[in-house]
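Each chain, written out:
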Amino acid sequence: MAKRVPRVGIGGPVGSGKTMLIEQVVPALFSMGYKAGIISNDVVSKEDADRMRHNLATEKGMLAEDLVVGLATGGCPHTAVREDPSMNIAEVEEMESRHPELDLIIIESGGDNITTTFSPALADYFIYIVDVAGGDKYPRKRGLGIETCDLLVINKIDLAAHVGADLKVMERDAREVRGKNPFAFVNCRTGGGIDRVAGHIVRDVLFELPPKAMVG
Amino acid sequence: MSTEFLSMLQLADSFFPAGTYTMSNGLEALAKRKKADVKELQELISTHLGRQVGPADCCALGNAYECAKKSNLGGILRADWALYAVKLVEEVRNASSRSGANLVRCVATFSDDKILSDYNNAVSEKRTSGMYPAALAVACAALRIPKREAGTMFLYSFCVGMAGAALRLGAIDHVAAQKMLHALRPTIAKIVEENVNKPLDRLWQFAPGIDVVQMEHERLDSKMFIT
C-alpha cells in the first residue's frame, strides 16, 4: 500500500491571509521541487479556489488545474475540518488517488474564529495564521488555534505601525503562550518570512526527504 | 433499553460524521430566488419526501436492508445502482455517494459484520456507488436496527438536514424549525410505510421542479452548501 501524501491544514480568521500564505508557500516549495495540491474550504463562495487556480495553475503552471479544489462547508467551517471532516477527507483521498506524485496536500479552512483546530484524521500538521491588523492582543488572547497549532504565523507585519500594533509584544506573548513551539512573522504581500514557513514544512512535514519527482 | 435503540440514536445524530450538514438539497438555490415562509418550506420538504426521498431513497433503503439481512451483496449493489441511476442531478448524486461512503467506512471501524465489511470494500474499490440510503441500510442491518426504524431515521434525518439548512440560510428560526419537524411526523411515518417494503422494480422519483433548482445550485457562483 502506498504511503499517504502528507497533509497540511491552514486555519485562521477571515481575512488573516490564509489564501495568500498558500499562494506564497506553494511557489517556495515548487522552487525546491516539491509539488502540492490544494483543497480550499470557502464559507460562501469558491473565490479563493478560483483565485489560486488562476494564479498558481493557469498563470504560473506550477500545478495542474484539477489540483486546486473548492469545497463548500454548509456554513460550518470548523465542523468541516474537525467534528465531521469526512467530506474533506473524501476530497483529499480522491486527489491523492488521481495524483500520487504529490509531495503534500494543503487544506485551507474557511475563515473562522480562534478556536479552530484540525482533526488529526484530516491534517498531519496544522498552521494557524493571524494578522497584525487584528491587534497585537491576538497571541495573548490564546484560543485553541493559537495555542495548539504546529506553527503560528503572524501576517501583515508591514501594517503594525499603521494600526498601533507592537510586534515585540506579539513576539513576547507568542513565546509565552506557545512555549517552545514555533511561530513566524510574515508579510504575505511581499513574501517576507515565507522561507521560514516553507522551511518548517520541509523539515517537520516532509522530513527533508527529496521531492518525489527527483526520486523517480 | 436495547443497544439497537442506542445504535439508532448514534446513526441519526447530526454529530455522526457523514457530511450531511453540507447539503441543502436545492434549498440554497431556491432561497436566492425567493424567501420561503415556514408553510412553503414544510410543503417543499413534503414534496421532497413524497416524490423523491420516499419512492426512491426509502425504497432503495428497504431493498438494500433485506439483501443485507440475507448476506446478498449482489442484491445490495443492485439497489445501490438503481438509486444512483434515478438521481438526475450530478451534485446530488455525488453528495449522496460520498456521504454513504463516509457512513459505511465509519461504522466498519466498530462493527465486524461481514456483509458490512464486504459492502465497504465494494464502495472503496468503486464497484458500487455507495449511495447514502443503501449504505445506511447495510449499517442498520449490521447494528440490528429494524428496517422500518431505519427508514424512519433516514427520512427524519433528511428533514432535520433541510430544517438546518433553512435556519442557516436565514429562512426560518430555531423554534419554527422544531415546530415544523413536529408537524412533519405524520408525513414521515406515512411515507415510510408506503415505501420501505416496496420491491426494487417499483422504485421511482418525479419532482422536476426540485430537479431544476438542484441543477440551478450546480451553477451558482457563490454557495455555502455542496447541494
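Residues numbered from 1 in each chain as written. Chains lettered and ligands numbered in written order. Predicted model: local features only at pLDDT ≥ 70, side-chain atom pairs only at ≥ 80, totals over all residues. Heavy atoms only, no water.

Caption draft 1: Quick look at the overall build of chain B. Summing up its helical and strand segments, chain B has 11 helices and 0 strands in all. Listed N to C, the secondary structure of chain B is α-α-α-α-α-α-α-α-α-α-α in terms of helices and strands. At 17 Å, chain B has a C-alpha radius of gyration in line with the 17 Å of a compact globule built from 227 residues. On the principal axes, the C-alpha backbone points of chain B span a range of 50 × 40 × 30 Å. Here chain B, with 227 residues, has 52% of them falling under the buried criterion. In chain B, of all internal contacts separated by at least 6 residues, the share reaching a separation of at least 24 is 81%. For chain B, the distance from the average site of its 27 positive side-chain charges to the average site of its 24 negative ones is 2 Å. (Helix = DSSP H or I, 4+ residues; strand = E, 2+ residues; numbered from the N terminus. Rg over C-alpha atoms; globule rule 2.2 N^0.38 Å. Buried < 20%, exposed > 50% of the residue type's maximum accessible area, 1.4 Å probe, protein only. Contact = heavy atoms within 4.5 Å. Lys, Arg positive; Asp, Glu negative; His and termini not counted. Charge placed at Lys NZ, Arg CZ, Asp CG, Glu CD.)

Caption draft 2: Unusual backbone geometry, seen in detail. Residues other than glycine seldom take positive phi values, yet Arg 142 of chain A does so here, at roughly 60°. Counting through the fold element by element, Arg 142 of chain A comes out in the loop between helix H5 (138-141) and helix H6 (144-148).

Caption draft 3: Region of interest: the pattern of salt bridges. By the definition in use, this model includes 26 salt bridges over all chains. Salt-bridge contacts for Arg 4 of chain A lead to Asp 124 of chain A; the nearest nitrogen and oxygen are separated by 2.5 Å. Taken together, the residues span a long stretch of sequence, with Arg 4 of chain A in the segment before strand E1 (7-11) and Asp 124 of chain A in the loop between strand E4 (104-108) and strand E5 (125-131) at a distance of 120 residues. On the accessibility criterion, Asp 124 of chain A (42% relative accessible area) is partly exposed. Taken together, the shared-partner salt bridges in this structure form one network comprising Glu 91 and Glu 94 of chain A together with Arg 98 of chain B. (Salt bridge = Lys/Arg side-chain N within 4 Å of Asp/Glu carboxyl O.)

Caption draft 4: How the structure looks around the interface of chain B and chain A. Of the residues lining the interface, 20 residues belong to chain B; the matching set on chain A comes to 21 residues. Regarding the contact of chain B and chain A, the summed buried area is about 1700 Å², with carbon and sulfur atoms giving 53% of it. Among the residues chain B hides against chain A, the three largest losses belong to Tyr 21, Arg 98 and Met 224 of chain B. Together they make up 40% of the total. The tally of links between chain B and chain A comes to 3 salt bridges. One salt bridge connects Glu 93 of chain A with Arg 105 of chain B, and the closest N-O pair in it is separated by 2.4 Å. Where chain B packs against chain A, one counts 13 residue pairs in polar contact (both at pLDDT 80 or more). (Buried area = accessible area lost by both parts, 1.4 Å probe. Polar contact = N/O pair within 3.5 Å; in protein donor to acceptor, adjacent residues only side chain to side chain.)

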